[in-house]
Amino acid sequence: MPLPDRIAFDEAAARTEAEAARMALATAETAFEAERRIARRLGGRIEGDLAVFGFWTPELLDARVPSGDIFLEILSPKEPLDLTRAHQVVEFERAWVPVIREEAHCFTAVRGMRAGSREAVGDFYALAWRDAEETWHRILDPLAMSLPFGAMAPAELYDVAAMQEARGDRAYFEALKGDAPHKFGPPVNILQIHVPTATAGGTLASLTRHYQRLAARVARGLPLEPADRLFLGYDAVQLLPVEPTTVYETGPDFWREEEAEGGLSVSLLRPDTTNWGYDVVISGMATVNPALLETGRPDELIDLAATLHTFPSKPKRLILDVVFGHADNQGLRALNGHFFAGPNMYGQNLDYQNPAVRAILLEMQRRKVDFGADGVRVDGAQDFKWWDAGAQELRHDDEYLQSMADIVQEVAGTRYRPWFIFEDGRPWPEEDWELSSSYRAVIEAQRDDDVFQWGPLTFAHNTPFLYTFWLSKYWRIREMLEVGANWISGTSNHDTLRRGTQVNPKLNVNTRLGRTKMEILDKAYDNPAVHVLTYVALPGVPMDFLNAMARASWGFIRNQDDRYGVKVVAEEAISLKWQVDEYSYSVPASFRRLKALGYETREDLARFMEFLPALVEVTDYDLEEIARLLALAEPPLAGPEFTVASLKEIARAWMDDMHDYCNVSNSFTSLDDEQLAFGLAVRNFRRARPWLRDNYGPRDHFDYVTPIAGRTVFASLRHGPNGEQVFAVAHMEGKPTHDIEPLSLPVPGIEGTGWRLALRTPSIGHDYGGGPIVLKDSMALVYTRKG
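All figures in this text were calculated on a predicted structure; none of them were measured in a lab.

### Brief notes about the overall build of the protein
Then step 1. Of regular secondary structure, the protein possesses 30 helices and 32 strands.
Then step 2. On C-alpha atoms alone, the protein measures out to a radius of gyration of 28 Å, which is about the 28 Å that the 2.2 N^0.38 rule sets for 787 residues.
Then step 3. Along the three orthogonal principal directions, the C-alpha set of the protein runs to about 85 × 75 × 60 Å.
Then step 4. Evaluated residue by residue, the protein yields a buried proportion of 61% over its 787 residues.
Then step 5. Pairs at least 24 apart in sequence give 74% of the contacts found in the protein among residues at least 6 apart.
Then step 6. Looking at the protein as shown, the accessible area adds up to about 30300 Å², and 50% of this sits on carbon and sulfur atoms.
Then step 7. Taken together, the 83 basic and 114 acidic charged side chains of the protein have centroids lying 6 Å from each other.

Structure follows, in structure tokens:
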């Protein structure tokens, strides 16, 4: 049936929506409360056979657009879409439906629209208006629940209720139901995962299948393979952001349309951007980045949640990482200007003081977490600021952060509040932030006592492969002992690993960690002694980064840049020294694009990468001058003829090749099973003793062994509520010790007998059962004794 014959405007239903908005504005105590009520009605939703839509459109008031020129634009594919195709040209029918305005809001209701589901693609929509010159303009839905072609394209009407009804973990949530909303507390530990590099498939569906395979093996009691151990032993999985990110700066667009007889002809590209997840445009934050969806269906995120929640022996929690502290400049294309409060180092500040913006952002968060997350990590909480005109200063919006933590979710009929982590290093980015940050500003401001922040060893630009790092951080470690119970601990995450790849190799590097720079970097962020420190000695909730645990590569992954792409690669050039050796570059499947451009060997690329950062600096990033100077190098540099266009092509090739190179699956054949077995054992040690999360008590002890004599050796003693004692000694850096008897160290409380050796790091060997030992870099021992 043709689209105009299939659909019908339901004016009464549309007026009901507008009237609800009018009543909210008239009766709510504050403008913010009114906008929160209205925000629940924004976006597109299904109510039986009725599709209801709401938009916040202050730009229409700014432009004085009359109501008769505003419509809901409905686009329906004439043939079924295949969202797994790389490219297709599809004819769309188009229809226009009137709207009802209420101040800065527009509402409408339509019968007969097709809603998307796991099995079928639905109709697409946007708000549209025409100006006095009969030119049409489109307003996209920032609260869309399905964006198969990204945040810069029309949204798909999606049946969210049906998606929720079909979820496979309903029993998990139903078991939590009570009179009051269930409150999730902290897990014992966390595995941080970047979806595109976590599996060979690089999608949420691929990651779900991986966990389903693990679940089947665990349920059957099958022997664990190295890749199994890599993912096991964690109570929670934290995904790097899965929201829609920026698109290609200069195209091609994923949705490109031309007028056709009777509708539109649209060239559709399957979204294929690579990004670490933090370059968001804010629009579309309630749904899933289509580049992460194998099927193009947002159901894939619910499938992962359900697989984790039904994992054998113990459910695993899902933590979503959300980015509401800034927007990339591309956000200006997707949202009206009222969302923004001016530029910042990332792109744009958001206007949290605008009641509608504040309400819409919180509503985006609520809808996203309703995919089934047990916890939320808030990126860059120190960036949530507003300008106090009276005081002429920026202030932190702690009330907004509290509102984030207060949101009540509802899944499978169960109301709950997730556990919250805030990354907040205020006064960052002030120059002295590493010295002056308490990492407790949000913890102390929030009402709940189980709110967490990233701790100082997690947030800071840590470089644990430089000599004296551990002793220089001792003052921060002392803080962790006293107040670290509500801190995320551990030194490996998406930020710290990347910072490690930016270190000048000429600094005082701890060469005892490995024979090559790659070995040193790998062991620095997957260090058995550090695991003992994090999982046995320190309070808080440990977090590991999958790429670090797999000893895979990592970097600043983003292939959408055109204007500054070459500059970004120049900044990343130093990572070549830390993460890519001759052999890894020579593997035929690696760096295919760069090799095709003429960089056949690592030496070819390394020589180009030596020139590029220097020329970016001395020319003040003048691409034409950089290309001219590169062409003058003697002997000539490898690669294509240098032009502005070829420099951008090289930059794009680097980003795409590094993205492929960082995939964890590339490391599976070289995984060290003994190291992985130790990592799993130390994680399970912590999981069996959740009390290790608590701050140190009066009988607990932590110190470094003296005299230092060229080494840093930590010793800790902890007391459990059941009378158990846990004693650990860890060699963090420096020269080997002389023969020492760990149980004879001058640690108050370890005197006497009854100690049992519980853990030894792999390099110590299975034949050691106790007694004198020479401890070397990265060695550690853990003992237990029942009281």
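Alright, that's what it looks like, and here's the rest.
### Looking at the layout of surface pockets
Then step 1. Of the pockets and cavities examined, the largest pocket occupies roughly 1200 Å³.
Then step 2. Around the largest pocket sit 36 residues that line it, and Asp279, Met345, Tyr346, Phe556 and Arg558 are the ones nearest its centre.
Then step 3. Mapped by element, the contributors of at least two residues to the lining of the largest pocket are helix H19 (494-500) and helix H23 (565-572).
Then step 4. If you tally residues by element for the lining of the largest pocket, the top one is H19, at 4 residues.
Then step 5. Roughly 970 Å³ of volume is contained in the second largest pocket.
Then step 6. Taken together, 37 residues line the second largest pocket, and the ones lying closest to its centre are Arg551, Ala552, Asn666, Ser667 and Ser670.
Then step 7. Looking at the lining of the second largest pocket element by element, the count peaks at 4 residues for helix H20 (residues 517-525).
Then step 8. Grouping the amino acids of the lining of the second largest pocket by side-chain chemistry returns 14 nonpolar, 14 polar and 9 charged.

### Brief notes about helix H27 (residues 602-618)
Then step 1. Across its 17 residues, H27 extends 25 Å between first and last C-alpha, which sits within 8% of the 24 Å expected from 1.5 Å per residue.
Then step 2. Contacts made by the buried residues of H27 are with H23, helix H24 (575-579), helix H25 (582-586), helix H26 (592-596), helix H28 (623-631) and helix H29 (644-661).
Then step 3. Two residues or fewer after H27 comes aspartate 620, characterised by a positive phi angle close to 55°.

### With respect to the side chain of arginine 476
Then step 1. As for its position among the elements, arginine 476 is in helix H18 (residues 474-483).
Then step 2. A polar contact of 2.8 Å, which involves the side chain of arginine 476, links it to the side chain of glutamate 479.
Then step 3. Once residues lying within four places of it in the same chain are set aside, the contact partners of arginine 476 are Trp433, Glu434, Leu435, Ser437, Tyr439 and Pro456.

### Here we look at empty space enclosed by the protein
Then step 1. Tallied over the full model, the rule gives 9 cavities of 30 Å³ or more.
Then step 2. In this structure, the largest cavity occupies an estimated 70 Å³ of space.
Then step 3. Every residue along the wall of the largest cavity is listed here: Arg229, Leu230, Tyr234, Asp526, His531, Met549, Gln675, Leu676, Gly679 and Arg683.
Then step 4. Looking at the lining of the largest cavity, the elements with two or more residues in it are helix H9 (226-231) and helix H30 (673-687).
Then step 5. Considering every element that reaches the lining of the largest cavity, the biggest residue donor is H30, with 4 residues.
Then step 6. When grouped by side-chain class, the residues that make up the lining of the largest cavity number 4 nonpolar, 3 polar and 3 charged.

### Notes on the pairing of strand E28 (residues 701-704)
Then step 1. Sheet topology places E28 next to strand E29 (residues 711-719); 4 bridges connect them, and they run antiparallel. By the bridge assignment for E29, histidine 701 is matched with leucine 717.

### Points about helix H21 (residues 528-537)
Then step 1. Most of H21 is tucked away: 10 of the 10 residues are buried.
Then step 2. Those residues of H21 that fall on the buried side of the exposure criterion are Pro528, Ala529, Val530, His531, Val532, Leu533, Thr534, Tyr535, Val536 and Ala537.
Then step 3. For H21, the N-terminal cap is asparagine 527; the gap from its side-chain oxygen to the backbone nitrogen of alanine 529 is 2.9 Å.

### Concerning the sheet that holds strand E13 (residues 236-239)
Then step 1. Here 8 strands make up a closed barrel; going around it, the order is E12-E13-E16-E19-E24-E25-E26-E27 and the pairing parallel. The mean inter-strand angle of the sheet, taken between neighbouring strand axes irrespective of direction, is 30°.
Then step 2. Strand direction decides the pairing type here: strand E19 (residues 375-378) and strand E24 (residues 419-422), joined by 4 bridges, are parallel. The partner of arginine 377 across the bridge, within E24, is isoleucine 421.

### As for the packing of aromatic side chains
Then step 1. Overall, the coordinates contain 42 aromatic pairs when judged by the stated rule.
Then step 2. Judged by centre distance (6.4 Å) and plane angle (70°), the ring pair of phenylalanine 71 and tryptophan 96 falls under edge-to-face. With a gap of 25 residues between them, phenylalanine 71 in strand E4 (residues 70-77) and tryptophan 96 in strand E5 (residues 87-98) connect regions that are remote in the sequence.
Then step 3. Given a relative accessible area of 15%, phenylalanine 71 falls into the buried group.
Then step 4. Plain terms: the ring middles of tyrosine 474 and tyrosine 704 are 4.9 Å apart, the flat faces sit at 80° to each other, and that makes the pair edge-to-face. A residue pair is termed long-range when its members are at least 10 positions apart, and tyrosine 474 in helix H18 and tyrosine 704 in strand E28 qualify at 230 residues.

### So, the sheet that holds E29
Sheet strands pair by backbone hydrogen bonding; their relative direction is either parallel or antiparallel.
Then step 1. Spatially, 5 strands are ordered E28-E29-E30-E32-E31 in an open sheet, and the strand pairing comes out antiparallel. The open sheet is flanked by E28 and strand E31 (756-760), the only strands paired with a single partner. Each strand axis lies, on average, 15° off the axis of its neighbour in the sheet, ignoring direction.
Then step 2. Of the strands in this sheet, E28, E29, strand E30 (725-734) and strand E32 (780-785) are in contact with H21, which crosses E30 at around 150°.

### A look at the environment of aspartate 657
Then step 1. With respect to the secondary-structure elements, aspartate 657 resides in helix H29.
Then step 2. Aspartate 657 gets classed as buried once you look at its relative accessible area, which sits at 2%.
Then step 3. Between the C-alpha atoms of aspartate 657 and alanine 589, which are 68 residues apart in sequence, the distance is 9.6 Å.
Then step 4. Beyond its immediate sequence surroundings of up to four residues, aspartate 657 is in contact with Phe591, Arg592, Arg593 and Leu594.

### A few points about the pattern of salt bridges
Then step 1. Within the structure shown, the criterion is met by 58 salt bridges.
Then step 2. For glutamate 17, the salt bridge goes to arginine 45, with nearest N and O atoms at 2.9 Å. Of this pair, glutamate 17 sits in helix H2 (residues 11-27) while arginine 45 is found in strand E2 (residues 43-47), placing the two residues 28 residues apart along the sequence.
Then step 3. In this structure, glutamate 363 and arginine 366 form a salt bridge, with 2.7 Å as the shortest nitrogen-oxygen distance. Of this pair, glutamate 363 and arginine 366 are both found in helix H12 (residues 355-369), 3 residues apart, which corresponds to roughly one turn of the helix. The pair formed by glutamate 363 and arginine 366 is uniform in burial state, with each residue classed as buried.
Then step 4. Each member of the salt-bridge network shares a partner with another, and the members are Arg40, Glu363, Arg366, Arg367 and Asp370.

### Some points on the packing of helix H8 (residues 204-220) against helix H10 (residues 299-309)
Then step 1. One way to put it is that H8 packs onto H10 with a least axis distance of 9 Å and a crossing angle of 15°. In terms of axis orientation, H8 runs roughly parallel to H10. Where H8 crosses over H10, the two elements pack in a sense that is left-handed. When H8 is examined against H10, the residues Leu204, Ala205, Leu207, Thr208, Tyr211 and Gln212 are found in contact with a partner set consisting of Glu300, Leu301, Asp303, Leu304, Thr307 and Leu308.
Then step 2. Residue composition of the contact of H8 with H10, grouped by class: 7 nonpolar, 3 polar and 2 charged.

Quick notes on the rules
- Residues numbered from 1 in each chain as written.
- Predicted model: local features only at pLDDT ≥ 70, side-chain atom pairs only at ≥ 80, totals over all residues.
- Heavy atoms only, no water.
- Helix = DSSP H or I, 4+ residues; strand = E, 2+ residues; numbered from the N terminus.
- Rg over C-alpha atoms; globule rule 2.2 N^0.38 Å.
- Buried < 20%, exposed > 50% of the residue type's maximum accessible area, 1.4 Å probe, protein only.
- Contact = heavy atoms within 4.5 Å.
- Areas by Shrake-Rupley, 256 points an atom, 1.4 Å probe, with all protein chains shown as cover.
- Lys, Arg positive; Asp, Glu negative; His and termini not counted.
- Charge placed at Lys NZ, Arg CZ, Asp CG, Glu CD.
- 1 Å grid on protein atoms, 1.4 Å probe; cavity = no way out; pocket = protein on both sides within 12 Å on 5 of 7 lines; lining within 4 Å.
- Points joined across faces, edges and corners; volume = space filled by probe spheres on them.
- Nonpolar A, V, L, I, M, F, W, Y, C, P; charged D, E, K, R; others polar.
- Expected span 1.5 Å × (residues − 1).
- Polar contact = N/O pair within 3.5 Å; in protein donor to acceptor, adjacent residues only side chain to side chain.
- Pairing = 2+ DSSP bridges.
- Axes fitted to C-alpha atoms, helices over the stretch in contact; angles between N-to-C directions.
- Phe/Tyr/Trp six-rings, centres within 6.5 Å; stacked < 30°, edge-to-face > 60°.
- Salt bridge = Lys/Arg side-chain N within 4 Å of Asp/Glu carboxyl O.
- Parallel < 35°, antiparallel > 145°, perpendicular 65-115°, else oblique.
- Left-handed = near helix turned anticlockwise from the far one by under 90°.

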